[in-house]
Structure formats: structure tokens, C-alpha cells
Amino acid sequence: MTTIAEFSIGSTRILDPSGAVVGDLPDFASDRDELVALYRAMVLTRAFDAKAIALQRTGRLGTYASSLGQEAVPVGLAAAMRPDDVLVPSFREHGAQLWRGVTLEELFLFWGGDERGNDFAGPREDFPTCVPVGTHAPHAVGVALAMKLRQEPRAAVCVFGDGATSKGDVLEALNMAGVWQAPAVFVVNNNGWAISVPRARQTAAETLAQKAIGAGIPGEQIDGNDVIAMRHVADRALARARSGGGPTLIEAVTYRLSDHTTADDASRYREDTDVSPHWKQEPLVRLRTYLTAAHGWTKADEEALLRACDDAVDAAAETYLATPPMPPDAMFAHTFAELPADLEAQKAALTGGDE
Ligand SMILES: Cc1ncc(C[n+]2csc(CCOP(=O)(O)OP(=O)(O)O)c2C)c(N)n1
């Protein structure tokens, strides 16, 4: 037998869990302000997360998907994006959405079941949160293809979980992105679990990044709790996509410290002893340790930042709680240009009108 093709999967880590530099620092990472911006975005995301869970537990928010411990993936990714790139997110990308200009109030509205939360004042072309697993990946390829046909130097960025990579939608999207050399960057937010199904029971593949190989596109893995690595590798993939170099798949290895959602109880399938080592890897402590050692981040800086983020989140929550709900028939708006007769009838029944 002759070997006719060989492949390998690279892995990138720049900051290790102790906050030590173990790779080549990219240029942006020597700038204290750039690092503080990344840190702030992760802290704000975590503050939003804590408030969202508290509101859900007291009956004031719908089912909520936490991003606790995974903040470096969306934040690093969004920091690498340009405003006119398009984010096509799954349901744990609050950090990316906030970075790109979606407001805290909008995020609360969305998770409170109010569609106005998807009508972002900020990134008008970004897609709404996709709750069906993986169905947004083909959409992202369509967006990227449109950019290519219009010869626009932009990219579509699609994020999904490890479980989603076992779905046809994602594999088909990777395949067609490769065929069309679409300017798309796919990010697997590999947090180890698809609800109660561990990564090892989803696929026999050694890495998820190698799912790119079958589609003929580059795939690489990064330490997804290292926000510097995330931003750096995404920078490179986005630059390649925008300049006609085609798509990339990035597997960001992180860990879901929380329950899957507020409707889940992870203690039913996961021991505390499995989870606790991952607290030593988490992304906020890692960058904070580095900021402290390399850039003189102080306790006072930390306290001021925590207070500012908590205040912003509390104020947004107050605004959300004070927002009058939409009328029930709002669910019929924006679904069809002209409502089909059966939906017209349902709307009329709901509003007490004639059938
Ligand atoms: C098409 C579809 N099937 C099933 C579900 C129910 N569901 C919600 S999240 C989830 C697991 C997703 O796991 P993963 O892709 O790893 O993302 P994570 O939730 O871990 O971020 C499932 C099966 C769904 N939302 N959509």
C-alpha cells in the first residue's frame, strides 16, 4: 500500500492554566488595554450569567443556557471579528454578542421569551441565537457564499457545540463550505458534554477539529480557556477567509462548569470530582493571573471592574423587568409576509376576533 495523503491536527495554547506564557505571544497581547478589554468582556459575561440564573430561579426568566467557564471562546472570537463580519451563534455565545454590541437588556429579553431581544440595535446583520442544535451551520455557509459572490472581504462566523458536530447539518455545512471555498470560520465550542452525553460517546474521532479534513478544509484545535489563543487563531482564520483563502474549523477545548441549562441537573450524570479539576483551568483566573504578573493588575482594579459589571447587569435587569410584555398576538408578526389562513384563524381566536 502507498500512502497517498497524510494529515495532522495542530493545537495552540499561549497562556497555560497557571497564567504562564507557553507560546509565542501575538502582538495584541503585549498591549495591556487589549488584554483588559478581553478580561472585562469575560467578567461581564459571567456577571450576566449569574444574574440570568438568579432571575430564572425566581421565575423571572425562561430556561437559560449558562456559559460559565466557557467565556474565552466567544470573547476571543468576537475580538477577532470585524463589525461587518457576521456572527451566526448557537445558544452559549453571550460573550460574543455583548462584545459585538448586543445589549444586556436584549439578552435578558431574549431569554425571557421576548423576541425583541433578537432585534438587536447593534449588529444588525448578526443572526439571532439558534436553539436547534447545528441547524444554523448551513445558514452560515449561505451567508459566507453571498459574501463571496458579492466579492466582499468579510466572513461568516458560526459557533456550535461538540454534540452538534455529530449532526448532518454541521457536516454538510463543512462540506459545502469546502466546495465553495466560502469565507466561513466554524468554531466548535467543545465543552465536553451534549447535555448528559459525554464527548467520548458522541464520536470515535480523536479530535473534533479533524472533522474538517473530510471536507477538505483546515482544522485545528486550541485551548479554549486561553482567550489569547482563541483570539489569535481566530484572527488568522478570519484573515484567510476574508482574503479568499477559504474556510477553517477551530475546535476550542473548554469545559461546561454549569448545568447544561437551568432545566438540567448535571449532578445526575457527573460527579463533583469530575468537575472540580476544571475550575483550575478556567479562563478568567488564568488571564487575571497573567494580568497581575505582567501588567500590574491590582486588587483595586479587580474590585472596580467587578462592581462596574455587576452594576451594568443589575441596571439592565431592572430595565428588562420593567418592560411591558408584548401582546400575545405578537408571535404572529415577522413569520410570514402574509399569514396563511390557518394562522389568521388562530390569531383571530387568540385576540377574540372573528374566525
Ligand atoms: C435539533 C435539536 N435536537 C435536539 C435538541 C435538544 N438539545 C438542546 S441542547 C442539546 C445538546 C447540545 O450539545 P452540544 O452541541 O455539545 O452543545 P452544548 O449544549 O454543550 O453547548 C440537545 C440535544 C435541540 N435543541 N435541537
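Residues numbered from 1 in each chain as written. Predicted model: local features only at pLDDT ≥ 70, side-chain atom pairs only at ≥ 80, totals over all residues. Heavy atoms only, no water.

Focus: unusual backbone geometry
Here's step 1: Even without glycine at this site, Ile-195 takes up a positive phi of about 50 degrees.
Here's step 2: Tracing the sequence through the fold places Ile-195 in the loop between strand S5 (193-194) and strand S6 (197-198).
Here's step 3: By relative accessible area, which is 41% here, Ile-195 ends up partly exposed.
Here's step 4: For His-334, which is not glycine, the phi torsion reads 65 degrees and is therefore positive. (Helix = DSSP H or I, 4+ residues; strand = E, 2+ residues; numbered from the N terminus. Buried < 20%, exposed > 50% of the residue type's maximum accessible area, 1.4 Å probe, protein only.)

A closer look at the layout of surface pockets
Here's step 1: In this structure, the largest pocket occupies an estimated 660 Å³ of space.
Here's step 2: Taken together, 25 residues form the lining of the largest pocket, with Asp-114, Glu-115, Arg-116, Met-326 and His-334 sitting closest to its centre.
Here's step 3: Looking at the lining of the largest pocket residue by residue, the classes come out as twelve nonpolar, seven polar and six charged.
Here's step 4: When its volume is computed, the second largest pocket comes out at roughly 360 Å³. (1 Å grid on protein atoms, 1.4 Å probe; cavity = no way out; pocket = protein on both sides within 12 Å on 5 of 7 lines; lining within 4 Å. Points joined across faces, edges and corners; volume = space filled by probe spheres on them. Nonpolar A, V, L, I, M, F, W, Y, C, P; charged D, E, K, R; others polar.)

Notes on the packing of aromatic side chains
Each aromatic ring pair is characterised by the separation of its centres together with the angle its planes make.
Here's step 1: Considering all chains together, one arrives at eight aromatic pairs under this definition.
Here's step 2: An aromatic cluster of three or more residues is present, and its members are Phe-48, Tyr-64, Phe-108, Phe-110, Trp-111 and Tyr-320.
Here's step 3: Across the ring face of Phe-28, the terminal group of Arg-231 is positioned such that the distance to the ring centre comes to 4.0 Å. (Phe/Tyr/Trp six-rings, centres within 6.5 Å; stacked < 30°, edge-to-face > 60°. Lys NZ or Arg CZ within 6 Å of the ring centre and 35° of its normal.)

A closer look at the sheet that holds strand S2 (residues 86-88)
Here's step 1: If you walk across this open sheet you meet the six strands as S1-S7-S8-S4-S3-S2, and the pairing is parallel. The strands lining the two open edges of the sheet, one partner per strand, are strand S1 (11-12) and S2.
Here's step 2: Pairing analysis gives six bridges linking strand S3 (residues 156-161) to strand S4 (residues 184-190), with the strands arranged parallel. Among the inter-strand pairings, Cys-158 is bridged to a residue of S4, identified as Phe-186. (Pairing = 2+ DSSP bridges.)

Some thoughts on the pattern of salt bridges
Here's step 1: Across all of its chains, the model carries 20 salt bridges by this definition.
Here's step 2: In this structure, the salt-bridge partner of Arg-242 is Asp-85, at a minimum N-O distance of 2.7 Å. Of this pair, Arg-242 sits in helix H7 (residues 227-242) while Asp-85 sits in the loop between helix H2 (72-80) and S2, placing them 157 residues apart in sequence.
Here's step 3: Of the residues examined, Arg-242 reaches a relative accessible area of 13% and is grouped as buried.
Here's step 4: By relative accessible area, which is 1% here, Asp-85 ends up buried.
Here's step 5: One salt bridge in this structure joins Asp-126 and Arg-100, with 2.7 Å as the shortest N-O distance. On the criterion of sequence distance, the pair formed by Asp-126 in the loop between helix H4 (104-111) and helix H5 (136-149) and Arg-100 in helix H3 (residues 94-100) is long-range, its members being 26 residues apart. The pair formed by Asp-126 and Arg-100 is uniform in burial state, with each residue classed as buried.
Here's step 6: The structure contains a network of salt bridges with shared partners spanning Arg-13, Asp-223 and Arg-286. (Salt bridge = Lys/Arg side-chain N within 4 Å of Asp/Glu carboxyl O.)

Digging into the state of the cysteines
Here's step 1: In total, this model carries zero disulfides according to the counting rule given.
Here's step 2: Here Cys-130 stays free of any disulfide, with the sulfur of Cys-158 as its closest cysteine sulfur at 8.1 Å. (Disulfide = S-S within 2.5 Å.)

Side note on the side chain of Asp-264
Here's step 1: Among the secondary structure elements, Asp-264 is positioned in the loop between strand S8 (248-253) and helix H8 (272-279).
Here's step 2: For Asp-264, a relative accessible area of 14% corresponds to the buried category.
Here's step 3: Within the structure, Asp-264 has its side chain in polar contact with the backbone nitrogen of His-260 (distance 2.8 Å).
Here's step 4: In terms of polar contacts, Asp-264 uses its side chain to reach the side chain of Tyr-269, at 2.7 Å.
Here's step 5: Leaving out residues up to four positions away in the same chain, Asp-264 has contacts with Ile-195, Arg-256, Asp-259 and Tyr-269. (Polar contact = N/O pair within 3.5 Å; in protein donor to acceptor, adjacent residues only side chain to side chain. Contact = heavy atoms within 4.5 Å.)

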